[in-house]
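Structural characterization, general
Next come the chains, spelled out residue by residue.
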Amino acid sequence: MSKGPRIYLIHATPVAIEPIGTSFRENFPAAKIVNLLEDSLMTDLAEEGSLTPNMIERFVEIGRYCVKARADAILFTCSAFGPAVQECKRHVSIPVLKPNEAMYEQLVAKNCKAGLLATFQPSLPSMLTEIAAYAKERGTNVEVKPHLVEGALDALLANRADEHNRLIAEAAGKQADCDVLAFAQFSMAPARAQAAGRTKLPILTTPDSAVSKLKALLA
């Protein structure tokens, strides 16, 4: 029996753990996943208003720790830290995935208008910059319409998952003039089924996209 790859999942919020775990169980069960939670990252980012050199260095140290712990790959699951994850990539020798890079690759595969739904506002500026960069590299024209789903994250953090999913589904149903919808946060993935009942647009989620890419890289 072959040994599955050891993948370290780095979380800045506990609400990301179950959605990505579910996706691994359904799509890449051979992987051996390890969860590391550092929830001060999200609160520090919210307080600082932007990534600081100290926060970026913390990501590099996390990456080095994972290498020492015999990780075969690292996946960061919070979408607000793209530049910090990029710096981590530069300092370790194993595959390191940004939370959304696999979804971005799918999103910019062809010209389209995309609705980007998010529940954590600080993640949006870096995501819009990154999507534009991916589209430019691919040579496609992707128009992104960002939308913050007010109150959804607060509901989830207060253990009101049904309300969280309902708010996202309602927002998905209101997105007009789009070709595809993308959910920015890992924690939004459980709302996909309910949202699919409100819109006929295809919906991309970060967990499924990330797991699919890791499986291709490591399986």
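Residues numbered from 1 in each chain as written. Predicted model: local features only at pLDDT ≥ 70, side-chain atom pairs only at ≥ 80, totals over all residues. Heavy atoms only, no water.

1. Some words on the packing of aromatic side chains
For clarity, the threshold we go by: Think of it this way: a Phe, Tyr or Trp ring, Trp meaning its six-membered ring, pairs with another when their centres are within 6.5 Å, and the plane angle makes it stacked under 30 degrees, edge-to-face over 60, tilted otherwise.
Within this structure, the stated rule accounts for 4 aromatic pairs. Feature note: the residues F59, F76 and F81 constitute an aromatic cluster, connected by ring pairs.

2. Here's the deal with the pairing of strand β2 (residues 32–37)
What counts here: Two strands make a pair as long as DSSP finds a minimum of two bridges between them. Note on conventions: DSSP H or I runs of at least 4 residues are helices, E runs of at least 2 residues are strands, and numbering of each starts at the N terminus. Assignment of crossover handedness uses the view with strands pointing away from the viewer, where a clockwise path from the first strand over the helix to the second indicates a right-handed crossover.
Here strand β1 (residues 6–11) pairs with β2 via 6 bridges, running parallel. Looking at the pairing, L9 lines up with N35 of β2. Handedness of the β1-helix α1 (residues 17–27)-β2 crossover: right-handed.

3. Section: the environment of V92
Definition in use: In this description, contact between two residues means that some pair of their heavy atoms is separated by no more than 4.5 Å.
Mapped onto the secondary structure, V92 falls in the loop between α4 (82–91) and β4 (96–97). For the pair V92 and E61, spaced 31 residues apart in sequence, the C-alpha separation works out to 9.8 Å. Sequence-distant contacts of V92, defined by excluding residues within four places in its chain, comprise G63, R64 and V67.

4. Digging into unusual backbone geometry
Despite not being glycine, R70 shows a phi value in the positive range, around 70 degrees. Inspection of the secondary structure puts R70 in the loop between α3 (53–68) and β3 (73–76). In this structure, D177 takes a positive phi of about 55 degrees despite not being glycine.

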